[in-house]
Amino acid sequence: GAGVSQSPRYKVAKRGQDVALRCDPISGHVSLFWYQQALGQGPEFLTYFQNEAQLDKSGLPSDRFFAERPEGSVSTLKIQRTQQEDSAVYLCASSLPGAYSNQPQHFGDGTRLSIL
Amino acid sequence: SQQGEEDPQALSIQEGENATMNCSYKTSINNLQWYRQNSGRGLVHLILIRSNEREKHSGRLRVTLDTSKKSSSLLITASRAADTASYFCAPQAAGNKLTFGGGTRVLVKP
């Protein structure tokens, strides 16, 4: 079976441009997460969806960051007016829902975003 | 914060040796998860240990959890060059998000 798929794998944009990053979760996975990983650091939580509902967006660093999952499957993370500090790897993960959240998360290989 | 903090930050061992890394956290948890990340790739789930469990095994991996000390350890036995990666712990409290520390970078030399 297919794992979590992210596209593009690499994205280079000029400062000030808007970018859109896509995540295809594992089929049937209700929960979807976005993380940001700076070089040499651990992933940092950005936002969480259960189906199409965005239940937690506490990690989004600014109002330039926006995520959606309109039909409860594919998700898009959009960054407007990109800045150099947005350069990072953006990871998507999906999981089944579980009692007390006792489910592993399955990660894609990420999108490496470089802002020039 | 429930963020896990791994120790050591880096570890270099010879193939065949055991590798041990530790994780500390600060708040009550439902479970603690360990993940591996190879360079340029996403994270791969290794083991999930629930708060009422003390030890768990999976192949060459052994995880312990001491909730009274708010700490966990990951032991990799008989390491192989393919075990070279970064290892992250992620304590999980109520809710679904995981909070990762900076990881332990393990280098297994052939």
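Above this text is the structure in question.
What comes next concerns the included structure.

1. So, the interface of chain A and chain B
For step 1, the next point in the chain: With 22 residues of chain A at the contact, the number on the chain B side is 22 residues.
For step 2, the next point in the chain: At the junction of chain A with chain B, the criterion picks out one salt bridge.
For step 3, the next point in the chain: Asp109(A) is paired through a salt bridge with Arg41(B); the nearest N and O atoms lie 3.0 Å apart.
For step 4, the next point in the chain: For the pair chain A and chain B, the interface holds eight residue pairs in polar contact (both at pLDDT 80 or more).
For step 5, the next point in the chain: Elements supplying a minimum of two residues to the side of chain A that touches chain B: strand 4 (31–37) and strand 5 (44–50) of chain A.

2. Details of the pattern of salt bridges
All names here are of chain A.
For step 1, the next point in the chain: Applying the stated rule across the entire model yields seven salt bridges over all chains.
For step 2, the next point in the chain: Close ionic contact of Lys 78 with Glu 68 constitutes a salt bridge, the shortest N to O distance being 3.3 Å. Here Lys 78, found in strand 8 (residues 75–79), pairs with Glu 68, found in strand 7 (residues 65–68); they are ten residues apart in sequence, far enough to count as distant.
For step 3, the next point in the chain: Judged by its relative accessible area of 26%, Glu 68 falls in the partly exposed class.

3. A few points about the sheet that holds strand 3 (residues 19–24) of chain B
Residues and elements named next belong to chain B.
For step 1, the next point in the chain: In space, the five strands of this open sheet follow the order 1-3-8-7-6, with antiparallel pairing throughout. The open sheet has two edge strands, strand 1 (5–7) and strand 6 (55–58), and neither has a second partner. For this sheet, the mean angle separating the axes of adjacent strands, direction not counted, is 20°.
For step 2, the next point in the chain: In this sheet, strand 3 lies alongside strand 1 in antiparallel orientation, the contact comprising three bridges. Its bridge partner lying in strand 3, Asp 7 is registered against Asn 22.

4. Things to note about the packing of aromatic side chains
For step 1, the next point in the chain: Counted under the stated rule, the structure contains nine aromatic pairs over all chains.
For step 2, the next point in the chain: On the basis of an interplanar angle of 70° and a centroid distance of 6.3 Å, the ring pair of Phe107(A) and Phe100(B) is categorised as edge-to-face. With one member in each of two chains, Phe107(A) in strand 10 (residues 106–107) and Phe100(B) in the loop between strand 9 (85–92) and strand 10 (104–109) form a pair that bridges those chains. In this pair, the class of Phe107(A) matches that of Phe100(B), namely buried.
For step 3, the next point in the chain: Between the aromatic rings of Phe88(B) and Phe100(B), the centroid separation amounts to 6.2 Å while the plane-to-plane angle is 85°, which identifies the pairing as edge-to-face. Of this pair, Phe88(B) sits in strand 9 while Phe100(B) is found in the loop between strand 9 and strand 10, placing the two residues twelve residues apart along the sequence.

5. A few points about the environment of Ser7(A)
For step 1, the next point in the chain: Tracing the backbone shows Ser7(A) in strand 1 (residues 5–7).
For step 2, the next point in the chain: For the pair formed by Ser7(A) and Cys23(A), sequence separation is 16 residues and the distance between their alpha carbons is 6.7 Å.

6. Considering the sheet that holds strand 4 (residues 31–37) of chain B
Residues and elements named next belong to chain B.
For step 1, the next point in the chain: Pairing within the open sheet is mixed, and its five strands lie in the order 2-10-9-4-5. What marks the edges here is a single partner per strand, and that holds for strand 2 (10–14) and strand 5 (43–50). Sheet twist, expressed as the mean angle between neighbouring strand axes with direction ignored, is 25°.
For step 2, the next point in the chain: Looking at chain direction, strand 9 and strand 10 are connected through three bridges and run antiparallel. Residue pairing in the sheet places Ser 86 in a bridge with Arg 105 of strand 10.

Procedures and definitions
Residues numbered from 1 in each chain as written. Chains lettered and ligands numbered in written order. Predicted model: local features only at pLDDT ≥ 70, side-chain atom pairs only at ≥ 80, totals over all residues. Heavy atoms only, no water. Contact = heavy atoms within 4.5 Å. Salt bridge = Lys/Arg side-chain N within 4 Å of Asp/Glu carboxyl O. Polar contact = N/O pair within 3.5 Å; in protein donor to acceptor, adjacent residues only side chain to side chain. Helix = DSSP H or I, 4+ residues; strand = E, 2+ residues; numbered from the N terminus. Buried < 20%, exposed > 50% of the residue type's maximum accessible area, 1.4 Å probe, protein only. Pairing = 2+ DSSP bridges. Axes fitted to C-alpha atoms, helices over the stretch in contact; angles between N-to-C directions. Phe/Tyr/Trp six-rings, centres within 6.5 Å; stacked < 30°, edge-to-face > 60°.

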